[in-house]
Amino acid sequence: PRTMRALLDGSSRRTPLYVQQYGQTETGPITTRFYTRSLARHADGRCVGHAIPGFSRFRILGEGAGSRRRGVGEIVVRSKSLVIDYLGRPAYYAANFRQGWWRMTDVGRRSRWGCLHLHDREIDESARAESLLALEDLLLQRLPALLEVAFVPLADGTLTPLACTRDDRPLDLRAWAEATKDFPLLNPPHHCGWESLPRTATWKVRRVEARRLLQRGELPVLGREALRDAA
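Quick summary incoming for the structure in this document. (Residues numbered from 1 in each chain as written. Predicted model: local features only at pLDDT ≥ 70, side-chain atom pairs only at ≥ 80, totals over all residues. Heavy atoms only, no water.)

What to know about the environment of Arg13
Note the cut-off: Each helix is a run of DSSP H or I of at least 4 residues and each strand a run of E of at least 2, with the numbering of both proceeding from the N terminus. Each residue is assigned to one of three classes by its accessible area relative to the maximum for its type, calculated with a 1.4 Å probe on protein chains only: buried under 20%, partly exposed between the two thresholds, exposed over 50%.
Mapped onto the secondary structure, Arg13 falls in the loop between helix H1 (2–10) and strand E1 (18–24). Arg13 gets classed as exposed once you look at its relative accessible area, which sits at 62%. Put simply, Arg13 and Tyr92 are 79 residues apart on the chain and 46 Å apart in space, counted from C-alpha to C-alpha.

Section: the packing of aromatic side chains
So the rule is basically this: Any two of the Phe, Tyr and Trp rings considered here, Trp counted by its six-membered ring, make a pair once their centres fall within 6.5 Å; the pair's planes then place it as stacked at under 30 degrees, edge-to-face at over 60, or tilted in between. In this analysis the charged atom, NZ for Lys or CZ for Arg, is taken to sit over a ring once it is within 6 Å of the ring centre and within 35 degrees of the ring normal.
Applying the stated criterion to the full structure yields seven aromatic pairs. Seen from their ring centres, Tyr93 and Trp102 are 5.3 Å apart, and the 40° between their planes marks the pair as tilted. With respect to class, Tyr93 is no different from Trp102; both count as buried. An angle of 85° between the planes, with centres 6.3 Å apart, marks the rings of Phe151 and Phe183 as edge-to-face. Of this pair, Phe151 sits in strand E9 (residues 146–153) while Phe183 sits in the loop between helix H5 (173–179) and strand E11 (190–191), placing them 32 residues apart in sequence. The ring centre of Tyr92 lies 4.4 Å from the NZ or CZ of Arg89, which sits over that ring.

Examining a nonpolar patch on the surface
To keep it simple, the criterion reads: The patches reported here contain residues having more than 30% relative accessible area and no salt bridge. Joining distances are 9 Å for like charges and 5 Å for nonpolar side chains (Val, Leu, Ile, Met, Phe, Trp, Tyr). Only the protein chains shown count as cover for residues, and all accessible areas are computed by the Shrake-Rupley method using a 1.4 Å probe. The salt bridge definition used is simple: a Lys or Arg side-chain nitrogen within 4 Å of an Asp or Glu carboxyl oxygen.
Taken together, the side chains of Leu17, Val19 and Phe34 make up a nonpolar region of the molecular surface, amounting to roughly 300 Å² of accessible area. Structurally, Leu17 is set in the loop between H1 and E1. Taking the relative accessible area as the measure of exposure, Leu17 reaches 53% and is therefore exposed.

Section: the side chain of Glu136
Defined as follows: The contact rule is simple, with two residues in contact once any of their heavy atoms fall within 4.5 Å.
With respect to the helices and strands, the residue Glu136 is situated in helix H4 (residues 132–142). Among residues more than four places away in sequence, those in contact with Glu136 are Val149, Ala150, Phe151 and Arg207.

Thoughts on the pairing of strand E7 (residues 101–110)
Short version of the rule: Strands qualify as paired when DSSP identifies two bridges or more between them.
Buried residues dominate E7, accounting for seven of its 10 residues. Judged from the four bridges that link them, strand E5 (residues 73–79) and E7 form a sheet pairing that is antiparallel. Bridge pairing in E7 links Gly73 to Gly108. Taken together, the two bridges between strand E6 (residues 97–98) and E7 define a ladder with antiparallel strand orientation. By the bridge assignment for E7, Arg98 is matched with Trp101. Where E6 hands over to E7, the hairpin turn is made up of two residues, of which Gln99 adopts a positive phi near 50°. Pairing between E7 and strand E8 (residues 116–121): five bridges, direction antiparallel. Within E8, the residue paired with Arg110 across the bridge is Leu116. The turn linking E7 back onto E8 is made up of five residues, and Gly114 within it adopts a positive phi angle of 85°.

So, the pairing of E1
As paired elements, E1 and strand E2 (residues 28–35) share seven bridges and run antiparallel to each other. Within E2, the position partnered with Gln21 by the bridge is Thr32. Between the antiparallel neighbours E1 and E2 lie three residues.

A closer look at the nonpolar core
Filter applied, for reference: Throughout, nonpolar core names a set of buried Ala, Val, Leu, Ile, Met, Phe, Trp, Tyr and Cys residues whose side chains join them through atoms within 4.5 Å.
Ranked by size, the top nonpolar core spans 16 residues in total, and within it Leu139, Leu146, Val149, Phe151 and Trp176 carry the most contacts. Those elements that place two or more of their residues in this core are H4, E9, strand E10 (159–165) and H5. Examining the composition of this core, we find that four residues originate from one element, H4, more than from any other. Apart from the residues within four sequence positions on either side, Trp176 is in contact with Leu139, Leu143, Leu146, Val149, Pro161, Ala163, Leu171 and Pro189. One finds Ile30, Val48, Ile60 and Trp102 within the second-largest nonpolar core, a separate group that totals 14 residues.

Describing the layout of surface pockets
The criterion, for reference: The distinction between a cavity and a pocket rests on a 1 Å grid over the protein atoms alone: a 1.4 Å probe fits inside a cavity but cannot get out, while a pocket stays open yet meets protein on both sides within 12 Å along at least five of seven lines, and a residue with an atom within 4 Å of a point counts as lining. Grid points are joined across faces, edges and corners, and a volume is the space filled by probe spheres set on the points.
Size it by volume and the largest pocket reaches roughly 1,900 Å³. What lines the largest pocket is a set of 49 residues, among which Arg46, Leu118, Leu133, Thr202 and Lys204 lie closest to the centre. Looking at the lining of the largest pocket, the elements with two or more residues in it are H1, E1, helix H3 (90–96), E7, E8, H4 and E9. Among the elements that make up the lining of the largest pocket, the one with the highest residue count is E1 (six residues). By volume, the second largest pocket is sized at about 160 Å³. Lining the second largest pocket we find 11 residues, and of these Trp176, Leu186, Asn187, Pro188 and Pro189 sit closest to its centre.

So this is what it looks like as structure tokens:
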């Protein structure tokens, strides 16, 4: 949401629109939502819009199952642009395609208005928070000095924040404590450089790999002295 507002506010157009779509390479676009400047200031950043009429559909399966909140479940979709197979990996395709519906491997919920709210990838779910992505959105809004933040669930159920600051400047722990005082219990933040975070080709944090590096002590940390002084 912070980036979306910056782009809209930075436009010289009188009424710019930000178009957001949710989907995968395998499915094409599934949902769409349009944002104006005024809407972007108040809208829920986790809302990724409505299905595209005549083109796509989505359903929520297993709502509230296990430790999930009421209404939250697995997202499955139908799309006219769905791939027909994976080259040389038919078993993997079959595992994700069930009775005409494709597993997005994400969890979310359908709002009372029929739009899709994306919460997390299934593999990143945490019993400590309804949506880690929502917490990250909120923290990025509260702390402009942050360039990136990702909450990584560890094997013991705790959450470790990976935090990148602009130009690798020292992390202000007092400001961090104030910004996260209404958050679930977190481990101390791991201040790391942007380049050291494992990422996909589209700059999303590879949380499984980040967790592996973190637990093995192989994820570099920045500014130990600065962090100690700030504390």
